[in-house]
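Topology and contacts: notes
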Amino acid sequence: MDDITWEEPFCGEGASCFRLGTDPTGNAYIAIAGQEDRHLTDSRDALRALILDIKAGKADHLL
């Protein structure tokens, strides 16, 4: 998957670092930093919805 453009890792204190990536065909990827070969794949629209929902507080109960 050489066509995935990975963002810099998002890291929390003492937690795993996650990376988000996209490709030219409209797919989005989420992986643990260093394990990019084992990623979750969905559409960019699905990634956008996930990020907006998290920003809106819909995952706050997980904190």
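Structural data are supplied above this passage.
Report follows, based on the coordinates. (Residues numbered from 1 in each chain as written. Predicted model: local features only at pLDDT ≥ 70, side-chain atom pairs only at ≥ 80, totals over all residues. Heavy atoms only, no water.)

1. Looking at the overall build of the protein chain
Short version of the rule: Only DSSP runs of H or I reaching four residues or more are called helices, and only runs of E reaching two or more are called strands; each is numbered from the N terminus. Classification of residues uses two cut-offs on accessible area relative to the type maximum, computed with a 1.4 Å probe and protein chains only: under 20% is buried, over 50% is exposed, and between them is partly exposed. Whether two residues are in contact is decided by their heavy atoms, any of which lying within 4.5 Å being enough. A 1.4 Å probe and the Shrake-Rupley method give the accessible areas. Residues count as covered only by the protein chains that appear here. Charge assignment in this entry is limited to Lys and Arg as positive and Asp and Glu as negative, and neither His nor the chain termini are counted. Where a charge lies is defined by one atom per residue type: Lys uses NZ, Arg uses CZ, Asp uses CG and Glu uses CD.
Scanning the protein chain for helices and strands turns up 1 helix and 5 strands. Going from the N terminus to the C terminus, the protein chain shows its helices and strands as β-β-β-β-β-α. The proportion of buried residues among the 63 residues of the protein chain is 16%. A separation threshold of at least 6 residues defines the contact pool for the protein chain, and within that pool the share at least 24 residues apart is 12%. Of the accessible surface of the protein chain, which amounts to about 4,900 Å², a share of 54% is contributed by carbon and sulfur atoms. Within the protein chain, the 12 negative side-chain charges are centred at a point lying 5 Å from the centre of the 6 positive side-chain charges.

2. Regarding the pattern of salt bridges
Condition: Should a side-chain nitrogen of Lys or Arg be within 4 Å of a carboxyl oxygen of Asp or Glu, the pair is scored as a salt bridge.
Counted under the stated rule, the structure contains 3 salt bridges. Taking the shortest distance from any N to any O, the salt bridge between Asp45 and Arg48 comes out at 2.6 Å. Note that Asp45 and Arg48 are positioned in helix α1 (residues 44–55) at a spacing of 3 residues, about one turn of the helix. Under the relative-accessibility criterion, Arg48 is labelled partly exposed at 46%. Among the ionic pairs, Lys58 bridges to Asp53, the shortest N-O distance being 3.4 Å.

3. What to know about the layout of surface pockets
To keep things clear, this is the line we draw: A pocket here means an open set of points on a 1 Å grid, computed over the protein atoms alone, that has protein on both sides within 12 Å along at least five of seven lines. A cavity is instead a set of points where a 1.4 Å probe fits but cannot get out; residues with an atom within 4 Å of a point line either one. Grid points are joined across faces, edges and corners, and a volume is the space filled by probe spheres set on the points. In the scheme used here, Gly and all other residues not listed as nonpolar or charged are polar, with Ala, Val, Leu, Ile, Met, Phe, Trp, Tyr, Cys and Pro taken as nonpolar and Asp, Glu, Lys and Arg as charged.
In this structure, the largest pocket encloses a volume near 240 Å³. Taken together, Phe10, Phe18, Leu20, Ile30, Leu47, Leu50, Ile51 and Ile54 make up the full set of residues lining the largest pocket. Mapped onto the lining of the largest pocket, the elements with two or more residues apiece are β3 (17–22) and α1. For the lining of the largest pocket, the element with the most residues is α1, which contributes 4 residues. Across the lining of the largest pocket, the residue classes break down as 8 nonpolar, no polar and no charged.

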